Structure formats: structure tokens, C-alpha cells
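Residues per chain are reported as follows:
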Amino acid sequence: MAYESVVVHSVDLLENFRDVLQRQHDELEVVYDTLNSECTLQGENWNDPQYTYLKECIDEYYQLSKTQLAQLEDSTAYITSLIEKLRAI
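Reference entry: report on the structure contained in this document. (Residues numbered from 1 in each chain as written. Predicted model: local features only at pLDDT ≥ 70, side-chain atom pairs only at ≥ 80, totals over all residues. Heavy atoms only, no water.)

1. Some details on the overall build of the chain
Assigned secondary structure in the chain consists of two helices and zero strands. Taking 89 residues into account, the globule formula puts the C-alpha radius of gyration at 12 Å, and the chain, at 19 Å, lies well above it. Along the three orthogonal principal directions, the C-alpha set of the chain runs to about 60 × 25 × 15 Å. Expressed as a percentage of the 89 residues in the chain, the buried residues total 21%. The long-range share in the chain, meaning contacts at least 24 apart out of those at least 6 apart in sequence, stands at 78%. Each charge class in the chain was averaged separately, 6 positive and 17 negative side chains, and the resulting centres sit 10 Å apart. (Helix = DSSP H or I, 4+ residues; strand = E, 2+ residues; numbered from the N terminus. Rg over C-alpha atoms; globule rule 2.2 N^0.38 Å. Buried < 20%, exposed > 50% of the residue type's maximum accessible area, 1.4 Å probe, protein only. Contact = heavy atoms within 4.5 Å. Lys, Arg positive; Asp, Glu negative; His and termini not counted. Charge placed at Lys NZ, Arg CZ, Asp CG, Glu CD.)

Set out below in C-alpha cells:
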């Protein structure tokens, strides 16, 4: 996030950047959700300590990814707010 000042040379380029971030966010969210749900669907299919370890790793990764996606959403919201302010000038 910008804390002191921001120099924007082109609002249109900033808007394009925001759109790219949003698309990437949406794609990553689908990938993370699919990974988690496919692993969960295995349920008791694997009776193996390695699967338990893998599931724990994927769960941890999934939680971290959700945190990163939330930060990306915050950044996108900030850019959207900035665009609105600049368009109002």
C-alpha cells in the first residue's frame, strides 16, 4: 500500500493493472479451492501416514493462500478507490 504519495501517469493503465490483478486473483482462488476440495474428497480413501502428512501440508498451504488472496483483494480495492478519486478530478 502507498503511505506517503502515489504518482499515476495514466489512469487507464492503472485500471488495466487492477483488472489483471483481479483476474489473477479469481484464477488462483479456483486453483486453491480445487486443490483443497480434491484432497478433502479423498477422505478415508488413503489409509497412509503419508496422506495424513500431505493433507496437513495442503491444509496449511490453503490457509496461507486465503490470506494472500485477501491481501490481493485489499490491494485491488485500494487501486479501485484510487481510480475513482482520480477520475473525479
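2. Comments concerning the nonpolar core
Counting residues in hydrophobic clusters, the biggest one holds seven residues: Val-11, Leu-14, Leu-21, Leu-72, Ile-79, Leu-82 and Ile-83. Top element by residues in this core is helix H2 (residues 49–88). It accounts for four residues. (Core = buried A, V, L, I, M, F, W, Y, C linked by side-chain atoms within 4.5 Å.)

3. With respect to the packing of aromatic side chains
For the structure shown, the criterion picks out one aromatic pair. Judged by centre distance (5.6 Å) and plane angle (85°), the ring pair of Tyr-32 and Tyr-61 falls under edge-to-face. Taken together, the residues span a long stretch of sequence, with Tyr-32 in helix H1 (residues 11–42) and Tyr-61 in helix H2 at a distance of 29 residues. Note on Tyr-32: relative accessible area 10%, which makes it buried. Of the residues examined, Tyr-61 reaches a relative accessible area of 42% and is grouped as partly exposed. (Phe/Tyr/Trp six-rings, centres within 6.5 Å; stacked < 30°, edge-to-face > 60°.)

4. Things to note about the pattern of salt bridges
Throughout the structure, instances matching the rule amount to seven salt bridges. Measuring nitrogen to oxygen at the nearest pair gives 3.7 Å for the salt bridge that ties Glu-15 to Arg-18. On the criterion of helical spacing, the pair formed by Glu-15 and Arg-18 is a turn pair, its members being three residues apart in helix H1. On the basis of relative accessibility, which here comes to 16%, the residue Arg-18 falls in the buried class. Here Asp-59 and Lys-55 are joined by a salt bridge, their closest N and O atoms 2.7 Å apart. (Salt bridge = Lys/Arg side-chain N within 4 Å of Asp/Glu carboxyl O.)

Such coordinate-based values are descriptive only and should not be taken to indicate function.
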